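Secondary and tertiary structure notes
So you can see what is in the structure, the chains are spelled out below.
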Amino acid sequence: MSSEKVSLKKMKKNDGLGWIQWMRGWFNVVQEILLQRIMASHLQIPFHLPPLNHLTCIVTGSTSGIGSETARQLAEAGAHVVMAVRNIKAAHELIQQWQTKWSASGEGLPLNIQAMELDLLSLDSVVRFSNAWNARLAPLHVLINNAGMFAMGGAQKFSEDGYEQHMQVNHLAPALLSLLLLPSLIRASRSRIINVNSVMHYVGFVDPNDMNFVSGKRKFSSLSAYSSSKLAQVMFNNVLLKKLPLETGISVVCLSPGVVQTNITRDLPRLVQDLYSALPYFIFSPQEGCRSSLFSATDPQIPNHYQKLKTNEKSVCTLFISLNCKLTNCSEEAQNVETANRVWEKTLELIGLPSDTVERLVEGEVVKCRYRTH
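Residues numbered from 1 in each chain as written. Predicted model: local features only at pLDDT ≥ 70, side-chain atom pairs only at ≥ 80, totals over all residues. Heavy atoms only, no water.

**Quick notes on the overall build of the chain**
- Helix and strand content of the chain: 14 helices and eight strands.
- Relative to its 374 residues, the chain shows a buried fraction of 54%. (Helix = DSSP H or I, 4+ residues; strand = E, 2+ residues; numbered from the N terminus. Buried < 20%, exposed > 50% of the residue type's maximum accessible area, 1.4 Å probe, protein only.)

**Structural notes on the sheet that holds strand 4 (residues 142-145)**
- Strand order in the open sheet formed by eight strands is 3-2-1-4-5-6-7-8, and the pairing between neighbours is mixed. With one partner strand each, in any of the chains shown, strand 3 (113-117) and strand 8 (327-328) form the two edges of the open sheet.
- Where strand 6 (residues 251-255) meets strand 7 (residues 319-321), three bridges bridge the pair, whose relative direction is parallel. Note on strand 7: the bridge partner recorded for Val253 is Leu319.
- Contacts from helix 6 (residues 165-180) reach strand 1 (56-60), strand 4 and strand 5 (192-196), with the element oriented near 170° to strand 4.
- Running over the sheet, helix 8 (residues 222-243) touches strand 5, strand 6 and strand 7 and is turned about 160° from strand 5. (Pairing = 2+ DSSP bridges. Contact = heavy atoms within 4.5 Å. Axes fitted to C-alpha atoms, helices over the stretch in contact; angles between N-to-C directions.)

**A word on the nonpolar core**
- Counting 103 residues, the largest nonpolar core has Leu74, Met83 and Leu179 as its most contacted members.
- When sequence neighbours within four positions are dropped, the list of residues in contact with Leu179 reads Phe236, Leu240, Trp344, Leu348, Ile351, Leu353, Thr357, Val358 and Leu361.
- The next biggest cluster of nonpolar side chains, apart from the first, holds seven residues, and it includes Val29, Val199, Met200 and Val203. (Core = buried A, V, L, I, M, F, W, Y, C linked by side-chain atoms within 4.5 Å.)

**Structural notes on the packing of helix 3 (residues 65-76) against helix 4 (residues 88-105)**
- Direction vectors running N to C along helix 3 and helix 4 enclose 40°, while the axes themselves pass 12 Å from each other. With respect to helix 4, the axis of helix 3 lies oblique. Seen from above, helix 3 lies across helix 4 with right-handed handedness. For the pair helix 3 and helix 4, the contacting residues are Ser68, Ala71, Arg72 and Glu76 in the first and Leu94, Trp98 and Trp102 in the second.
- Counted by class, the contact of helix 3 with helix 4 contains four nonpolar, one polar and two charged residues. (Parallel < 35°, antiparallel > 145°, perpendicular 65-115°, else oblique. Left-handed = near helix turned anticlockwise from the far one by under 90°. Nonpolar A, V, L, I, M, F, W, Y, C, P; charged D, E, K, R; others polar.)

**A word on the pairing of strand 2 (residues 80-85)**
- Burial analysis of strand 2 places six of its six residues in the buried class, which makes it a mostly covered element.
- Once you follow strand 1 into helix 3 and on to strand 2, the crossover reads as right-handed.
- Of the pairings in the sheet, the one linking strand 2 to strand 3 comprises five bridges and is parallel in character. Paired with Ala84 across the strands is Met116, a residue of strand 3.
- In this view, the connection linking strand 2 to its parallel neighbour strand 3 by way of helix 4 has right-handed handedness. (Right-handed = clockwise from strand over helix to strand, strands pointing away.)

**Some points on the packing of aromatic side chains**
- Scanning the model with the defined rule gives four aromatic pairs in all.
- Ring geometry for Trp22 against Trp26: centres 6.4 Å apart, planes inclined by 65°, an arrangement best described as edge-to-face. Residue Trp22 and its partner Trp26 are both found in helix 2 (residues 19-39); the two are separated by four residues, about one turn of the helix.
- For Trp26, a relative accessible area of 27% gives the class partly exposed.
- Aromatic side chains Phe150 and Tyr226 sit 4.3 Å apart centroid to centroid with 10° between the ring planes, which places their arrangement in the stacked category. (Phe/Tyr/Trp six-rings, centres within 6.5 Å; stacked < 30°, edge-to-face > 60°.)

**Concerning the pattern of salt bridges**
- Within this structure, the stated rule accounts for nine salt bridges.
- Arg72 serves as the salt-bridge partner of Glu69, at 2.6 Å between the closest nitrogen and oxygen. Highlighted residues: Glu69 and Arg72, both in helix 3, separated by three residues, approximately one helical turn. Like Glu69, the residue Arg72 is buried in the burial classification. (Salt bridge = Lys/Arg side-chain N within 4 Å of Asp/Glu carboxyl O.)

**Some remarks on helix 8**
- Across its 22 residues, helix 8 extends 31 Å between first and last C-alpha, which sits within 8% of the 32 Å expected from 1.5 Å per residue.
- Of all 22 residues in helix 8, 18 are buried, a share of seventy percent or more. (Expected span 1.5 Å × (residues − 1).)

**Some thoughts on the pairing of strand 6**
- Here strand 6 lies mainly inside the structure; five of its five residues are buried.
- Of the two faces of strand 6, the one holding Ser251, Val253 and Leu255 and the one holding Val252 and Cys254 are both buried throughout.
- Looking at chain direction, strand 5 and strand 6 are connected through five bridges and run parallel. Each bridged residue has a counterpart across the sheet, and for Val196 the counterpart in strand 6 is Leu255.
- Handedness of the crossover joining strand 5 and strand 6 through helix 8: right-handed.

**So, the environment of Arg291**
- Relative to the assigned elements, Arg291 resides in helix 11 (residues 291-298).
- Judged by its relative accessible area of 2%, Arg291 falls in the buried class.
- Sequence separation between Arg291 and Ala40 is 251 residues; the distance between their C-alpha atoms is 9.5 Å.
- The contact partners of Arg291, leaving out residues within four places of it in the chain, are Ala40, Leu43, Gln44, Ile45, Phe47, Phe284 and Cys325.

**Description of a nonpolar patch on the surface**
- A cluster of nonpolar side chains, Val30, Ile33, Leu34, Leu35, Ile38 and Phe282, forms an exposed patch at the surface whose accessible area comes to about 480 Å².
- Tracing the backbone shows Leu35 in helix 2.
- Note on Leu35: relative accessible area 36%, which makes it partly exposed. (Patch = residues over 30% accessible without salt bridge, like charges linked within 9 Å, V, L, I, M, F, W, Y side chains within 5 Å. Areas by Shrake-Rupley, 256 points an atom, 1.4 Å probe, with all protein chains shown as cover.)

Structure below.
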C-alpha cells in the first residue's frame, strides 16, 4: 500500500475516537462522578497546607468557585497570591472580605494578596498581563491555570481573536500565558505550572487542522468543544514536558478537580441548575474541588515525580493528578504523540509565537508575540 493511501486511511480514522476508546472514556467519566466522594474520602476539608511564605502564586479565574477557594487558602497559608481575573472590582471586594475575616480571627499579618486584570478571551490581554508581571523581574513559583468555561448547551461563539471560545479560554490563552511567563518561572527554583483540567478530556478528540470546529467535518456541541479543549491542553503540556530542560526546575502538571458545584452552570436553564444543585452527595463543593489544585501546587514530591517522568524516555504524558490527589494516567488519546506534536505546532501558530519559543525563552531571549499591545 502506498504512503499516500496509508495517509488517507489515517485521515479517515482521525475523524473521532474509536468506539472502544469512546466507551473507555465515558466509563472513566461516570466512575469519577459516582465514586469521587469515596475516592477522596481520605482528604481533609479544608486541605491542610504547610506555611507558604516563600511562594508567589498566580491563580487565574479566582473570583469564584475552585479558583476563589484556591487563592484564599494559599494566601491564608502565607503565600503571596495574585488573582489574575477579568473582573477587578469583584476581586477587590473578595480581598476586602477575606482581609476582614482574617483580621477578626487574630491570625496575624494581613493576607498578601492582590488582583491584576486578565481576560482569557483576549490574547492581547494575556500578553499585557505577562509583560506587566515579567517587568517586575520577580520569581514566580506557581502558575495555576484555573480559569475555564463550559457553556453547556450554548451556541458556538468566537472570541475577539476569532477562535472558538472554549478552545481559547481552556487551552489557547493558558498556553500563551504559561509560555510568556517562563522567564519569571525560571527565576524561581523548582517552580510549577498547574493546569486545572477535567476527566472530560477522556472523551475528547482534537483535530489539529480544525481546532475551532469550522470545517463542518464535526458537528459542534458545547460538550465536544469543552472536551476537545481539555484534551488539547493535556496534549500541549505533554509536549511541554519534553521541551522544557530539566535544569529550568519547572514541573508541569495537569489535574482533575472532580465534578464541582461552581458557576460553570450559570448558562444552563434554571431547572437544570436546580437539579445539578440537588445532588450534593455526588458533587464536590469548591472547597473540596480545590484540593487537587492545592496538592499539585504545594506537595514536596511533585518535582521528584516530574523528574522521573522527564528522565524516562518512554514517558509521553506529563504529571496528571486525580481528584484524590494521586498520580493517574491521562487518556489514551492524549498519549498520541503524533497528534500531540501537531496540536503543539498549531497552538503556537494560533497564539502567534514562533516554533522555537521555549528554546529561546530558556536561553533568555526576548520572544515577540503576534498579539502584542501597540
